[in-house]
Amino acid sequence: CPYGFVGQSPQIRKLRELIEKVGPSRSPVLILGESGTGKEVVARALHNASKSGDFVPIDCGSLVGPLMESELFGHTRGAFTGAADAKRGLIELADGGTAFFDEIGDLPLDLQVKLLRLFQEHEYRAIGSLQRRKVDLRVICATHRNLVAAIEKGTFRQDLYYRVNIITINIPPLRERIEDIPLLVERFLERTDRNFTVTGEVMDALIAYD
């Protein structure tokens, strides 16, 4: 199935067409959708279409605590207590490829400021370093949150929103494309090592489930 998406619903066909159109470019993309709709699948498909560098997923929800900036930007040896060796950050690993900021709506405000500078200037500074390093990366972000509402609440920066929301891709939940459920069931059964049969009654129950 092209781009990892099983289905022939109009929504999935439109999504495949959008990936083909947007994928080869280096434009920032914001992927919106509920949890479990396949946001990372879309992000990887966009990256694969660009054929450039590595795909580096960054879980924004896990970037908490005193070491979150080090995870992103790395640090020099002796930059802080416990920094016995220099460390490369996720941004450096994504240089030349794609940085996928998963659930960017969960990112703390102080880190949003640093990301904004990264996106604007295409450069960053590792903790403990006096030198700024230029990077060339494609930025793809995803969230299940309503970022416009988050801006109104003061939990997400408006200027960062405008930076990441250049191209928007909305992924529909499965309940809005129920015609794809039989195809998904068939695909999942193909991956098992047992010979299962799905009766009409079972399929009707699956399709009726919201």
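As shown above, the structure is provided for reference.
Throughout what follows, the structure given in this document is the object of discussion. Predicted, not measured: the structure shown is a model, and the values here were computed from it.

This brings us to helix α8 (residues 181-190). Within α8 the residues assigned to the buried category are Ile181, Leu184 and Val185. For α8, the arc enclosing every buried residue in end-on projection is 100°, short of the 170-degree limit, so these residues lie on one face. Elements that come into contact with the buried residues of α8 comprise α9 (200-208).

So, on to the environment of Leu18. Tracing the backbone through its elements, the reader meets Leu18 in helix α1 (residues 10-22). Owing to a relative accessible area of 27%, Leu18 belongs among the partly exposed residues under this scheme. Spatially, the C-alpha atom of Leu18 lies 21 Å from that of Glu103, the residues being 85 residues apart in sequence. Every residue in contact with Leu18, bar those within four places of it in the chain, is listed here: Gly23, Thr168 and Ile169.

Soluble globular proteins tend to bury their nonpolar side chains together. Residues Ile58, Leu72, Ile91, Phe101 and Ile104 are the most contacted members of the largest nonpolar core, which totals 31 residues. Counting residues per element, this core draws most heavily on helix α5 (residues 109-121), which supplies five residues. Beyond its immediate chain neighbours, meaning those up to four positions away, Ile58 contacts Leu63, Leu72, Leu90, Ile91, Ala99, Phe100, Phe101 and Asp102. One finds Val29, Ile31, Ala43 and Phe100 within the second-largest nonpolar core, a separate group that totals 17 residues.

So, about the environment of Pro172. Inspection of the secondary structure puts Pro172 in the loop between β7 (167-170) and α8. Overall, Pro172 belongs to the buried group, its relative accessible area being 11%. Considering only alpha carbons, one finds Pro172 and Cys141, 31 residues apart in sequence, at a separation of 17 Å. Not counting residues up to four positions away in its chain, the partners in contact with Pro172 are Gln11, Thr37 and Arg177.

Let's shift gears to the sheet that holds strand β3 (residues 98-102). Strand pairing in a sheet relies on backbone hydrogen bonds. The paired strands run either parallel or antiparallel. Across the sheet, five strands lie side by side as β2-β3-β6-β1-β7; this open sheet has parallel pairing. Edge positions in the sheet fall to β2 (55-59) and β7, since each has one partner strand and no second. Sheet twist, expressed as the mean angle between neighbouring strand axes with direction ignored, is 20°. Here β3 runs beside strand β6 (residues 138-143); their pairing, made up of five bridges, is parallel. Following the sheet pairing, Phe100 is matched in β6 by Ile140.

Within the structure shown, the criterion is met by four aromatic pairs. Summarising the aromatic geometry, the rings of Phe101 and Phe119 are spaced 5.6 Å apart at their centres and angled 75° between planes, so their arrangement reads as edge-to-face. Note that Phe101 is positioned in strand β3 and Phe119 in helix α5, a separation of 18 residues in sequence. Just as Phe101 is buried, Phe119 falls in that class too.

So, how was this worked out
Residues numbered from 1 in each chain as written. Predicted model: local features only at pLDDT ≥ 70, side-chain atom pairs only at ≥ 80, totals over all residues. Heavy atoms only, no water. Buried < 20%, exposed > 50% of the residue type's maximum accessible area, 1.4 Å probe, protein only. Helix = DSSP H or I, 4+ residues; strand = E, 2+ residues; numbered from the N terminus. Arc of directions from axis to C-beta. Contact = heavy atoms within 4.5 Å. Core = buried A, V, L, I, M, F, W, Y, C linked by side-chain atoms within 4.5 Å. Pairing = 2+ DSSP bridges. Axes fitted to C-alpha atoms, helices over the stretch in contact; angles between N-to-C directions. Phe/Tyr/Trp six-rings, centres within 6.5 Å; stacked < 30°, edge-to-face > 60°.

In short, geometric facts, not functional conclusions.
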